[in-house]
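# Coordinate analysis (summary)
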Amino acid sequence: MAENINNQNLEDDEPMFVTLDLDDGSQLECEVLTIFEVNGQDYIALLPNPEDDENEEVYIYRYDEDEEGNPSLTNIEDDDEYELVADAFDEFLDSVEYDEIVEEE
C-alpha cells in the first residue's frame, strides 16, 4: 500500500489528508485524525471519506518515517497489537471529547 501524506503539522487548524492506494488499484482519500504512540511504536488513525457525515469507520495503521522524513504505513497483522492500539485510540477519543466539553463551559 502506498500513501501520500500532505506535509502539514497536525497542530494546525487545517485538516491533513492521506491518499491510500488500495489493492484494487483505486485510491481513497482519508483525513488524518491523529498520530499517536503505543509502546514506542507510532500509529496513525485515518477517517476515510471525511465528507461523509455518516461514516464512523476509522482505519489504524503503523506509522513510520525514514531518515528523510518520508512516511510509510503498515497494516497491523497481530490481533493483540490491534486491540491494544484500538484501546489507546479510544482513550484518545475520550480525552478529546472531554477537552471539547470543558472548552465549551
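Computed from a predicted model, the values in this text were never measured in an experiment.

Looking now at the nonpolar core. Within the largest apolar cluster, 11 residues are counted, these being Met 16, Val 18, Leu 20, Leu 28, Cys 30, Val 32, Ile 44, Leu 46, Tyr 61, Tyr 63 and Leu 73. Breaking this core down by element, the ones donating at least two residues are strand E2 (17-21), strand E3 (27-38), strand E4 (41-48) and strand E5 (59-65). A per-element tally of this core places E3 first, with three residues. By size, the runner-up hydrophobic cluster in this structure holds eight residues, among which are Val 38, Tyr 43, Ile 60 and Val 85.

For the rest of this paragraph, the subject is the pattern of salt bridges. A complete count under the given rule lists one salt bridge for this structure. In this structure, the salt-bridge partner of Glu 81 is Arg 62, at a minimum N-O distance of 2.5 Å. Separated by 19 residues along the polypeptide, Glu 81 in helix H1 (residues 79-104) and Arg 62 in strand E5 bring together distant segments of the chain. For Glu 81, a relative accessible area of 15% puts it in the buried group. Taking the relative accessible area as the measure of exposure, Arg 62 reaches 25% and is therefore partly exposed.

Among the surface-exposed residues, Asp 78, Asp 79, Asp 80, Glu 83, Asp 87, Asp 90, Glu 91, Asp 94 and Glu 97 lie close enough to one another that they form a single negatively charged patch. One can find Asp 94 in helix H1.

Rules used throughout
- Residues numbered from 1 in each chain as written.
- Predicted model: local features only at pLDDT ≥ 70, side-chain atom pairs only at ≥ 80, totals over all residues.
- Heavy atoms only, no water.
- Core = buried A, V, L, I, M, F, W, Y, C linked by side-chain atoms within 4.5 Å.
- Buried < 20%, exposed > 50% of the residue type's maximum accessible area, 1.4 Å probe, protein only.
- Helix = DSSP H or I, 4+ residues; strand = E, 2+ residues; numbered from the N terminus.
- Salt bridge = Lys/Arg side-chain N within 4 Å of Asp/Glu carboxyl O.
- Patch = residues over 30% accessible without salt bridge, like charges linked within 9 Å, V, L, I, M, F, W, Y side chains within 5 Å.
- Areas by Shrake-Rupley, 256 points an atom, 1.4 Å probe, with all protein chains shown as cover.
- Lys, Arg positive; Asp, Glu negative; His and termini not counted.
- Charge placed at Lys NZ, Arg CZ, Asp CG, Glu CD.

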